There are 2 protein chains.
Amino acid sequence: MKQEAVAKVFIKAETPFTKSSIALPDLGEEEILVKTSYATICASDLHTFYGRRHSCSHSILGHEIIGIIEEISEEGVLDYYGTPLKAGDKITWSVYAHDPNSTTSKKGYPQKSEGLYKYGHEQISEKYQLNGGFSSHCHLRKGTTIFKLPAALTDTEAAPINCTHATIAGAMRLAGNLTGKNVLINGVGMLGLSASAMAKELGASNVWVQDINIEKANHAKSFGADEAFSFGEEELKDFAKEHGNIDVVIETSGVPEAIENCIQLLGIGGTIVLVGSVYSQRDLAINAEYLVRNLLTIRGLHNYIPEDLANAISFLEKSHKKYPFKELVGIEYPLDELEEAFETGNKGSYYRVGIKP
Amino acid sequence: MKQEAVAKVFIKAETPFTKSSIALPDLGEEEILVKTSYATICASDLHTFYGRRHSCSHSILGHEIIGIIEEISEEGVLDYYGTPLKAGDKITWSVYAHDPNSTTSKKGYPQKSEGLYKYGHEQISEKYQLNGGFSSHCHLRKGTTIFKLPAALTDTEAAPINCTHATIAGAMRLAGNLTGKNVLINGVGMLGLSASAMAKELGASNVWVQDINIEKANHAKSFGADEAFSFGEEELKDFAKEHGNIDVVIETSGVPEAIENCIQLLGIGGTIVLVGSVYSQRDLAINAEYLVRNLLTIRGLHNYIPEDLANAISFLEKSHKKYPFKELVGIEYPLDELEEAFETGNKGSYYRVGIKP
């Protein structure tokens, strides 16, 4: 009898997951079966489980995943760099499978391409059942961008790469060259800490962080931040003026008041990259004349392109000893206790809760 | 006795200009005295004269100017390309003089640099009186970027280069590579016509224009536009979807409703460049989640950098026979009839009104 996977299936919000045995798949063209090593609960998983965000069901949540290749379809699969992958390789992969020949992929936006397939977000189908992180196995489809993980990275460091760090790498790409720039990170969750460290590594002169919770803001000082500010105080505005203005804001909170505040903080020619606005909210009030006279740029980013994931891995490999990323997974649960893990995650005491199948 | 210049001095809004004789200046370091050949009345001149925009006084309005060098300070002055200028050269120049060593100039925003001096906008001082276009002469200060005009360009083609066309060249720089893109120009004034032709010359697949006045929109078809739409109709949205979405919008109207509409028209990864929002208006209502999920970019541009002016001149030199730019100066007045010229300009029947001193 063929081996079976064990998954915790999401049925509907605020309802315990259903533990299911699922037959391991017959692999199609350029597909891979991964044995999940580790997954972390992302904020969007929490939003889905607590009904703050709509998601398909039945589905397997979890998209911050790493694992070990168990089986590869017979024609073989190449990693991002063109090297053939083999059973036993420890890998991370893009949160989506895409068709590189689709119109939108060709325009440079694979994360929005036609027929996109997102791990941890799709309805279970007969052919593709193992499509999320909270499962013993994950079934990777053709068009997934795959990377071998550097051996030096621990599981807790590596699991959030393909969501948090890759998204921030994308934000940095949109922000442009940071050398010599003053960068403000607004919102110090997992994205904010990643942004703080990455901005510093990319040569920012000054990295400042701002959060409604000053303790969280101060925590960013272990992740490259030079100064930390409590949101809503005038202090940052004066401080920035003294130190040559803010050139770039990476906005991770998604809170409209915060975005409006950050736009006002930007100096001439400044850019704000929005990455936190992934939930329903009121419209921003933005004055076009202010944007024009101050030469400002506002850019929205959702997910990322494969190159960003490559950069995120390189970043973490280079700097994982310098910044305590591994400490961000504050607590770990076995897959069987996924509901408890979500409950803990939702309390917000830890940047990430880990799931070890 | 030293020769005198004749200028029409702006005293206050809706009050006839004061005709003044002004002594020609003693030139300071790297300065030039120009005999004005031609000036055109820009929309911002009209806004100032009719009290819709605050400006300093006493001043000499007019910044779309060309002229012939009458005198150069003895140490000489180089043009943008490093070639020494000489008396008799016919030139255009940046609407501002800037210090290239100022902090803001070094950041790449000379048009906002500390101590900026803008022709046609500054209060007359004892030392610098001839600082606008509606005068027989103009006194160019150190830090003005100067270009020799191609001989093939007529005065009516050349006068608007240093405002309209250079600003649009800046907008194109912010929009990025247009090759193969679908570009929408919103608002078909002088800026819109320039944008339409320039987008086409830069390789846009399709150039579409939209204006509240369908006649104006249709006029853009002589300036590279493939299709013209009346603002506010659903037609453009469906049309764009059929033809692969709008990648770039150049927004020249500054009308909040129009900007909001154009943001909704953008396809995935689209960019809107705002150049028309240079007057007071209500805030825009913009949804951040919409920007994020659609990977949109909003960029504000005011004035331009010297490279943009260089590109604008090259553009016009290359394409002035292809597009009827010279017809855009619909009527011409002598300097003595400046009030009549403004009255005509304010009626809006002509893209530009010319002033020949």
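For clarity, every value in this text was computed on a predicted model and none was experimentally measured.

**What about the sheet that holds strand β11 (residues 227–230) of chain B?**
Strands sit in the order β11(A)-β10(A)-β9(A)-β12(A)-β13(A)-β15(A)-β15(B)-β13(B)-β12(B)-β9(B)-β10(B)-β11(B) across an open sheet of 12 strands; the sheet is mixed. Where the open sheet ends on each side, the last strands, each with one partner, are β11 (227–230) of chain A together with β11 of chain B. Neighbouring strand axes in the sheet, compared pairwise and without regard to direction, differ in orientation by 15° on average. Note: strand β12 (residues 246–251) of chain B against strand β13 (residues 266–274) of chain B, five bridges, orientation parallel. When the sheet's bridge partners are listed, V249(B) is paired in β13(B) with I272(B).

**So, the pattern of salt bridges**
All names here are of chain A. The tally for this structure, following the rule as stated, stands at 27 salt bridges over all chains. The salt bridge partner of K142 is E29, with a shortest N-O separation of 3.4 Å. Of this pair, K142 sits in the loop between β7 (137–140) and β8 (144–148) while E29 sits in the loop between β2 (18–23) and β3 (32–40); the two residues are 113 residues apart in sequence, bridging distant segments of the chain. Put simply, E201 and K322 hold a salt bridge, and the shortest N to O gap is 2.7 Å. Of this pair, E201 sits in helix α5 (residues 190–201) while K322 sits in the loop between α10 (306–319) and β16 (329–334); the two residues are 121 residues apart in sequence, bridging distant segments of the chain. Overall, K322 belongs to the exposed group, its relative accessible area being 56%. Beyond isolated ion pairs, a larger network of salt bridges with shared partners links E257, E260 and R282.

**A word on a negative patch on the surface**
On the surface, E227(A), E233(A), E234(A), E235(A), D238(A) and E242(A) cluster together to form a negatively charged patch. Owing to a relative accessible area of 42%, E233(A) belongs among the partly exposed residues under this scheme.

**What to know about the interface of chain A and chain B**
If you look at the interface, chain A gives 35 residues, while chain B gives 35 residues. For the pairing of chain A and chain B, the buried interface totals around 3100 Å² over both sides, and the portion due to carbon and sulfur atoms is 54%. Sorting the residues of chain A by area buried against chain B places V292(A), R293(A) and L295(A) first, and these three jointly supply 19% of that buried surface. One can count two salt bridges joining chain A with chain B. Here D247(B) and K107(A) are joined by a salt bridge, their closest N and O atoms 2.8 Å apart. For the pair chain A and chain B, the interface holds 25 residue pairs in polar contact (both at pLDDT 80 or more). Elements with a minimum of two residues in the side of chain A that touches chain B: β13 (266–274), β14 (284–286), α9 (288–293) and β15 (297–300) of chain A. By residue number, the principal contributor to the side of chain A that touches chain B is α9(A), which donates five residues. A per-class count over the side of chain A that touches chain B returns 16 nonpolar, 11 polar and eight charged.

**A look at the layout of surface pockets**
Residue and element names in this part refer to chain B. Estimates place the volume of the second largest pocket at around 1300 Å³. Taken together, 48 residues line the second largest pocket, and the ones lying closest to its centre are A43, H47, G189, L191 and T252. Within the residue set of the lining of the second largest pocket, elements represented by two or more residues are α1 (43–49), α4 (164–175), α5 (190–201), α8 (256–265), α11 (338–347) and β17 (352–356). Across the lining of the second largest pocket, the residue classes tally to 20 nonpolar, 19 polar and nine charged. Structurally, the lining of the second largest pocket is a two-domain feature, drawing no fewer than three residues from each of domain 1 (4–152 + 320–356) and domain 2 (171–300).

**Quick word on the packing of aromatic side chains**
Within the structure shown, the criterion is met by 36 aromatic pairs over all chains. Relative to F17(A), the ring of F10(A) lies with its centre 6.5 Å away and its plane at 55°, an arrangement referred to as tilted. With relative accessibility at 3%, the residue F10(A) sits in the buried group. Centre to centre, the rings of F223(B) and F325(B) are 5.1 Å apart; their planes meet at 65°, and the pair counts as edge-to-face. Pair noted here: F223(B) is in the loop between α6 (214–219) and β11 and F325(B) is in the loop between α10 (306–319) and β16 (329–334), with a separation of 102 residues, a long-range link. With respect to class, F223(B) is no different from F325(B); both count as buried. Among the aromatic residues, those joined into a cluster by ring pairs are F10(A), F17(A), F49(A), Y50(A), F134(A) and F342(A). When the ring centre of Y117(B) is taken as origin, the NZ or CZ atom of R141(B), which lies over that ring, is 4.3 Å away.

**Describing the relation of the copies chain A and chain B**
Between chain A and chain B, which share one sequence, the superposing operator has a rotation angle of 180° and an axial displacement of 0.0 Å; the RMSD is 0.0 Å. Classification of the inter-copy transformation places it as that of a two-fold axis. Same-surface contact between copies: 100% of interface residues of chain A are shared with the interface of chain B.

**Some remarks on helix α7 (residues 235–242) of chain B**
Residues and elements named next belong to chain B. Among all positions of α7, only L236, F239 and A240 are buried. Considered in projection along α7, the buried side chains sweep an arc of 100° and stay on one side of the axis. Relative to its buried face, α7 has exposed residues pointing more than 90 degrees away, namely K241 and E242. Its buried side turned inward, α7 meets β9 (182–186), β10 (206–211), β11, β12 and α8. Positive phi appears at G244, one or two residues downstream of α7, with a value of about 95°.

**Some words on the pairing of strand β12 (residues 246–251) of chain A**
Residues and elements named next belong to chain A. Counting buried positions over the six residues of β12 gives six, a clear majority of the element. In the sheet, strand β9 (residues 182–186) pairs with β12 via four bridges, with the strands oriented parallel. Looking across to β12, one finds that V183 is bridged to V248. Where the polypeptide runs from β12 across helix α8 (residues 256–265) and back to β13, its parallel neighbour, the crossover connection is right-handed.

**Focus: α8(B)**
Counted residue by residue, α8(B) has seven buried out of 10 residues, so it is predominantly covered. Looking at α8(B), one finds that the buried residues are P256(B), A258(B), I259(B), E260(B), C262(B), I263(B) and L265(B).

**Notes on unusual backbone geometry**
For the peptide bond that leads from S57(A) to H58(A), omega is -5°, which places it in the cis range. Tracing the backbone shows H58(A) in the loop between α1 (43–49) and β4 (64–72). Although it is not a glycine, E30(A) adopts a positive phi angle of roughly 55°. Inspection of the secondary structure puts E30(A) in the loop between β2 and β3. Since its relative accessible area comes to 33%, E30(A) is described here as partly exposed. The backbone phi angle of E14(B) is positive, close to 55°, even though this residue is not glycine. With respect to the element layout, E14(B) can be found in the loop between β1 (4–9) and β2 (18–23). We classify E14(B) as exposed; its relative accessible area is 60%.

**Points about the domain arrangement of chain A**
Residues and elements named next belong to chain A. For chain A, the assigned domains are domain 1 (4–152 + 320–356) and domain 2 (171–300). Computed from C-alpha coordinates alone, the two centres of domain 1 and domain 2 are separated by 30 Å. Contacts between domain 1 and domain 2 engage seven residues on the former and 13 residues on the latter. For the pair domain 1 and domain 2, the interface holds one salt bridge. Summed over the shared surface of domain 1 and domain 2, the result is three residue pairs in polar contact (both at pLDDT 80 or more).

Rules of the game
Counting of residues starts from 1 at the beginning of each chain's written sequence and follows it residue by residue. Note on labels: chains are lettered from A, ligands numbered from 1, in written order. Whole-chain, interface and lining totals are the exception, using all residues; otherwise, since this is a predicted model, local features are given only for residues with pLDDT of at least 70 and side-chain atom pairs are given and counted only at 80 or more. The basis for the side-chain values is all heavy atoms of the structure; hydrogens and waters are excluded. Should DSSP find at least two bridges between two strands, the strands are taken to pair. The numbering of helices and of strands both runs from the N terminus, where a helix is a DSSP run of H or I of at least 4 residues and a strand a run of E of at least 2. For helices, the fitted line uses only the C-alpha atoms of the stretch in contact; every axis is such a line through C-alpha atoms, and the angle between N-to-C directions lies from 0 to 180 degrees. For this analysis, a salt bridge means a side-chain nitrogen from Lys or Arg found within 4 Å of a carboxyl oxygen belonging to Asp or Glu. Buried residues are those whose accessible area, probed at 1.4 Å on protein chains only, stays under 20% of the maximum for their type, while exposed residues exceed 50% and partly exposed ones sit between those limits. Each patch is built from salt-bridge-free residues with over 30% relative accessible area, joining like charges within 9 Å and nonpolar side chains (Val, Leu, Ile, Met, Phe, Trp, Tyr) within 5 Å. We get accessible surface area from the Shrake-Rupley algorithm with a probe of 1.4 Å; when it comes to residues, only the shown protein chains can shield them. The sign given to each residue is positive for Lys and Arg and negative for Asp and Glu; His and the chain ends receive no count. The atoms used to mark charge sites are NZ of Lys, CZ of Arg, CG of Asp and CD of Glu. Throughout, a residue-residue contact means that at least one pair of heavy atoms, one from each residue, lies within 4.5 Å. Once two parts are brought into contact, the accessible area they lose, counted with a 1.4 Å probe and summed over both, makes up the buried area. As used in this structure description, the phrase polar contact means that two N or O atoms lie within 3.5 Å; if the pair is within protein, one of them must be able to donate a hydrogen and the other to accept it, and residues adjacent in sequence are counted only when both atoms belong to side chains. Side-chain classes follow a simple rule in which Ala, Val, Leu, Ile, Met, Phe, Trp, Tyr, Cys and Pro form the nonpolar group, Asp, Glu, Lys and Arg form the charged group, and the remainder, Gly included, forms the polar group. The distinction between a cavity and a pocket rests on a 1 Å grid over the protein atoms alone: a 1.4 Å probe fits inside a cavity but cannot get out, while a pocket stays open yet meets protein on both sides within 12 Å along at least five of seven lines, and a residue with an atom within 4 Å of a point counts as lining. Grid points are joined across faces, edges and corners, and a volume is the space filled by probe spheres set on the points. Residue ranges for the domains trace back to a domain assignment, done automatically or taken from a database. Ring pairs shown here join Phe, Tyr and Trp side chains whose ring centres sit within 6.5 Å, with only the six-membered ring taken for Trp; geometry is labelled stacked below 30 degrees between planes, edge-to-face above 60, and tilted in between. The criterion for a charge sitting over a ring is simple: Lys NZ or Arg CZ within 6 Å of the ring centre, and within 35 degrees of the ring normal. Our superposition of the copies is a least-squares fit, built on the C-alpha atoms of residues whose pLDDT is at least 70 in both. The arc in question is the one traced by the directions running from the helix axis out to the C-beta atoms. When the strands point away from the viewer and the path from the first strand over the helix to the second turns clockwise, the crossover is right-handed.

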